[in-house]
Amino acid sequence: MIHQIFNLSFLFFPMQHKFTSLEFVEFKKVEFKERIFLLHTQLIFIEISDIAEMPLEKSPKLQKKMFYIITFEFRKIHNKDMTTKNISLLPKAAAEFNSKKYWEDFFKKRQQSFEWYCEYSLLSEVIYKYCDRQNKILIPGCGNSRLSESLFDAGYNSLINIDISDVVIKSMIKRNKSARAKMKFLLMDIKKLSFGDCEFDTILDKGTLDAIYTDDQQINDVRAYFSESVRVLKSGGRFLIVSLAQQHILQELMQYFVMGFSIHIHGIKQDGSGDIGSKLPVFIFIITKLSEKSQRSVEFSMGDVNKPQMCKDNEHAISLVKEQQDYVMVMDRLAKSKLDDILSIELWGDNETNNNSQDPRYTLTLVDGDMVNGFYGVFIVPEGRETEWQFSSENGRRELAEVIGYKRLAIASLHRGHTYENIDQIKEELSQKVLDVAPPGMPNKYKVPFMSAGESTGYRKVQFDGKTNLSGSVVIQDVQNEDQTYTRQLIFSQMNKVVQSETRIINDPSKKKKKKNKDRVPDSSYLLWDIYKAMLVAFHFIPNVNLTSQDETLDVLLIGVGGAALPSFISKTFEKIRMTCVELDGELLDLAKTWFGAEETEAVQYVTQDGLQFIQEKVDQAQQDIYDVIIFDVGGLDDGRIFVPPKAFIEEGVLKNTRTLLKEKGALLINTNPSRVDNNEEMISIIKRFHSNVYRFDLPNSSNKPIVCTNNSFNFDSVYTKTKDLQKYVHGRTNGKINISNFDLESIIDYVITE
């Protein structure tokens, strides 16, 4: 079972790229003869959302809101032509729902069956599970619902129905006189039952609690109803309450039934067959009467009643109910309007499918666009590839949707810690959920195509899953790419699970070649990310620097090591570069050495220290003009937001210090993400106080855009020539394993813009 909570350009998909079609899910519209209105107005869902957020002490306002929602639905049900007769069915005040006269008048005017919420068919599974056919069953507030008739026909012959309305009791006796003569209908107040103690095995309330609990003035009546129900219920008997579980009702149920009870809350997605609240999920509270000293247990299920999850406390149970209600509200909005922004919905599995993972089983990301090739489609991202630019960034997702050409595209990402047997299993689990988020106006019997970047579910091997004191949760995983190569990724959970560093891995050349040899090691001869290729190109912004024929040694300071992709490549590729790499997190530095091939040499030194403190100490020691290049490759959290770079690195004092440490023609390289800074123009303005020229690599398939800060002018011809030589040099060192198809530096220059 899956339940939910409530976050291409031609270059990327070249001609040889293939989408794998994975059959279809058929979309069917269901129409109901007696339904003339489906609850889906924006007004109602906003009000229900307000109720969910409202504390209990504001319940008078809450009750009034809920009354308006209920009466609005009544008005629509009875209002084909808005006649005075139909409007007169509505109470003038919420308190009238608790009035005998109101219900007498209601049932005189509404003689056909009236169903609170869903029909019997949706409740039958739970009733069969918790009620034996031999049980003596009480149905309080029976009205003229078909519920008891359906139960009797299913073999439940010991049924007693009670209601406060003499009109409806007489009507129901007459209606069932011949076919169900043994079924009893009694005129009785649910707050003053005339039955003896411990007389019933089951009490089945369908909408009665919701009807009487509309105002704070009714709280005493509600508790009298609960008290009487518990009194006439046998030990081990069950009180089943079918309710929309509005916040105030949910709170009261959880606070009243504590010691001596167990509670199972089961959610049901409505099919529109009831007269009230047809879009909202209905919840059945199965309250079991135990011995007075028994500790209470609370469990929750949605969809499959046989697979509940234990709730830690009241708040946990309430949150699970609210998640389902919020989900329906979001689905309703999705069904009615085009999305302006990209929307992501997390889908969590039950205890079995979630496998104790701390991550959702799926994330559905919805992108709306122009309908060119179809109405609606689903794209499954193979496991391990969800962090790629086209699947993880807003621009990448929009380009993917544009290339595929559907009115709405649902991008389904798989998550770490889960097992996915095959594509068919994924399709089966997602089939209903993707229909829930279909775009407005989807044609009847439309077949929703499933697509993927490959036929397999993908590959992921977690090498490390732990914590460091400074970085928090850290994951190191190996994944397979579209071109069948493998990479190793470093992921920080607290940084929105963004891949912080990545390096290509290859079969360990030191081991004998065997078919089953799957030990892979970092390949330091290859540089994976364009941002680091851009930084190599940026070295040539410094006059007289040519990485392929360097006479003098270049001194480089790197702040922020991560997975050490850049220093590992530089140390293996260039003899005339001397690097000092400073990393704040010593434990992270150890992981880089263990899993990413970072190693100290005469040319590369690693220092565990705060980077800003390291720079300040150098300045305090009166050192200056010591580095040709200083690189800031850092990100950080500030008040819950990710900043790249962190604000502290763009302060005037820091930039002044870096200018002091740089040689006259040196350059400061900063890895930036324009969406991860407060004000990009302000950042550039501050930098230009110390560096007259700022150039940005506006890389197309990357959220990060490195900038070069220097007092040197940009000579395109010189940089292009040096970069072309550099590309040939790198290709030559690998005997053709690295070539223009997988290591292109020349095109990087085309993306340089002047700030």
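About the thresholds
Residues numbered from 1 in each chain as written. Predicted model: local features only at pLDDT ≥ 70, side-chain atom pairs only at ≥ 80, totals over all residues. Heavy atoms only, no water. Helix = DSSP H or I, 4+ residues; strand = E, 2+ residues; numbered from the N terminus. Buried < 20%, exposed > 50% of the residue type's maximum accessible area, 1.4 Å probe, protein only. Areas by Shrake-Rupley, 256 points an atom, 1.4 Å probe, with all protein chains shown as cover. Phe/Tyr/Trp six-rings, centres within 6.5 Å; stacked < 30°, edge-to-face > 60°. Lys NZ or Arg CZ within 6 Å of the ring centre and 35° of its normal. Salt bridge = Lys/Arg side-chain N within 4 Å of Asp/Glu carboxyl O. Contact = heavy atoms within 4.5 Å. Pairing = 2+ DSSP bridges.

## Points about the overall build of the protein chain
Argument step 1. Check the secondary structure of the protein chain and you find 23 helices and 31 strands.
Argument step 2. Counting across all 755 residues of the protein chain, residues that qualify as buried make up 56%.
Argument step 3. Surface exposure of the protein chain reaches about 33,900 Å², of which carbon and sulfur atoms provide 47%.

## Re the packing of aromatic side chains
Argument step 1. Scanning all chains against the criterion turns up 24 aromatic pairs.
Argument step 2. Three or more aromatic residues joined by ring pairs make a cluster, and in this case those are Tyr 225, Phe 226, Phe 239, Tyr 256, Phe 257 and Phe 261.
Argument step 3. Just above the ring of Tyr 128 sits the side chain of Arg 133; from NZ or CZ to the centre is 5.1 Å.
Argument step 4. Over the ring of Phe 743 we find Lys 533, and its NZ or CZ is 5.0 Å from the ring centre.

## Some words on the pattern of salt bridges
Argument step 1. In this structure the tally under the stated criterion is 25 salt bridges.
Argument step 2. Taking the shortest distance from any N to any O, the salt bridge between Lys 234 and Asp 201 comes out at 3.3 Å. Within this pair, whereas Lys 234 is found in strand E7 (residues 233-243), its partner Asp 201 is found in strand E6 (residues 200-206), the two being separated by 33 residues in sequence.
Argument step 3. The partly exposed category is assigned to Lys 234, whose relative accessible area is 31%.
Argument step 4. Among the ionic pairs, Arg 488 bridges to Asp 478, the shortest N-O distance being 2.7 Å. Linking Arg 488 in strand E19 (residues 486-492) with Asp 478 in strand E18 (residues 472-480), this pair joins segments that are ten residues apart in sequence.

## As for the environment of Asn 739
Argument step 1. Assignment of secondary structure puts Asn 739 in the loop between helix H22 (716-733) and helix H23 (746-749).
Argument step 2. Each C-alpha atom of the pair Asn 739 and Lys 728 lies 8.5 Å from the other, and the pair is eleven residues apart in sequence.

## Observations concerning the side chain of Thr 457
Argument step 1. With respect to the helices and strands, Thr 457 occurs in the loop between strand E16 (447-452) and strand E17 (460-468).
Argument step 2. Under the relative-accessibility criterion, Thr 457 is labelled buried at 11%.
Argument step 3. Every residue in contact with Thr 457, bar those within four places of it in the chain, is listed here: Pro 382, Glu 383, Leu 414, Tyr 420, Glu 421, Asn 422, Ile 423 and Ile 426.

## Notes on the sheet that holds E7
Argument step 1. Across the sheet, nine strands lie side by side as E5-E4-E3-E6-E7-E9-E8-E10-E11; this open sheet has mixed pairing. Two strands lie at the open edges of the sheet, namely strand E5 (184-187) and strand E11 (309-310), each paired on one side alone.
Argument step 2. As paired strands, strand E3 (residues 137-140) and E6 are joined by two bridges and run parallel to one another. Across the sheet, Leu 138 pairs through a bridge with Ile 203, a residue of E6.

So yeah, pure geometry; function would need other evidence.
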